[in-house]
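For reference, the chains in residue letters:
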Amino acid sequence: QVRLVESGGGSVQAGDSLRLSCAASGHTLSVSTLGWFRQTPGKERDFVAAITWGFSNTYYADSVKGRFTISRDNAKNTVYLQMNSLKPEDTAVYYCAATKAYASISYRAAPSYNYWGQGTQVTVSS
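Residues numbered from 1 in each chain as written. Predicted model: local features only at pLDDT ≥ 70, side-chain atom pairs only at ≥ 80, totals over all residues. Heavy atoms only, no water.

> Can you help me understand the pairing of strand β8 (residues 78–83) in this one?
On a regular strand, each side chain points to the face opposite its neighbour's, so the side chains alternate between the two faces of the sheet. The element β8 is largely enclosed, with a buried count of 5 among its 6 residues. In the sheet, strand β3 (residues 18–26) pairs with β8 via 6 bridges, with the strands oriented antiparallel. Within β8, the residue paired with Leu20 across the bridge is Leu81. As paired elements, strand β7 (residues 68–73) and β8 share 6 bridges and run antiparallel to each other. Of the residues in β8, the one forming a bridge with Ser71 is Tyr80. The turn linking β7 back onto β8 is made up of 4 residues, and Asn77 within it adopts a positive phi angle of 50°. (Buried < 20%, exposed > 50% of the residue type's maximum accessible area, 1.4 Å probe, protein only. Helix = DSSP H or I, 4+ residues; strand = E, 2+ residues; numbered from the N terminus. Pairing = 2+ DSSP bridges.)

Structure (structure tokens):
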């Protein structure tokens, strides 16, 4: 099993920055990809960013490209999401996710991930 714990959420104003952290524990050795998703009430869980564990290939939703940066620290088993120039539409519960799959994976699709954190609230005021 893999346990994921997010932290770093909070309430900020538009234009501010936040850094989310996701600490992974348990059987993490075979994790191939870590991703960030976000969800608002009444909407589906949307892809934000993903990073492969071995090669640090990164993927971003168009809505956050250029503003958000995903990174990881293998030694600490932690993935980060640096969020700059935050907008009110970034308000959501942010979830960290992980998968052990290498083939037939869509980094942008929530069903591709089988481990999830509890979520952390990010609120951006105008």
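> Where do I start with unusual backbone geometry in this structure?
For residues that are not glycine, phi is negative in most cases, and the peptide bond is trans in most cases. In the Ramachandran plot, Asn77 falls in the positive-phi region, its phi being about 50° despite a non-glycine side chain. Turning to its location among the elements, Asn77 is positioned in the loop between β7 and β8. With relative accessibility at 27%, the residue Asn77 sits in the partly exposed group. Phi at Ser85 is positive, roughly 50°, even though this residue is not glycine. Take Ser85: it is sitting in the loop between β8 and β9 (92–99). Taking the relative accessible area as the measure of exposure, Ser85 reaches 40% and is therefore partly exposed.

> Any chance you could explain the packing of aromatic side chains here in plain terms?
What characterises a pair of aromatic rings is the spacing of the ring centres plus the angle enclosed by the ring planes. Counted under the stated rule, the structure contains 5 aromatic pairs. Arranged with centres 5.7 Å apart and planes meeting at 75°, the rings of Phe37 and Phe47 form a pair that is edge-to-face. Of this pair, Phe37 sits in strand β4 (residues 33–39) while Phe47 sits in strand β5 (residues 46–52), and the two are 10 residues apart along the sequence. Residues Phe37 and Phe47 agree in their burial class; the two are buried. Seen in terms of ring centroids, Tyr59 and Tyr107 are 4.3 Å apart; in terms of plane orientation they differ by 20°. Their pairing is stacked. (Phe/Tyr/Trp six-rings, centres within 6.5 Å; stacked < 30°, edge-to-face > 60°.)

> Before we go on, may I ask you to explain the pairing of β4 in this structure?
The buried count for β4 comes to 6 of 7 residues, which makes it a mostly enclosed element. By the bridge criterion, 6 bridges tie β4 to β5 in an arrangement that is antiparallel. Opposite Phe37, over in β5, you have Phe47 as the bridge partner. Between β4 and the antiparallel strand that follows it, β5, lie 6 residues; Gly42 among them carries a positive phi value of about 80°. Two strands pair when backbone bridges link them, and β4 and β9 are joined in this way by 7 bridges, in the antiparallel orientation.

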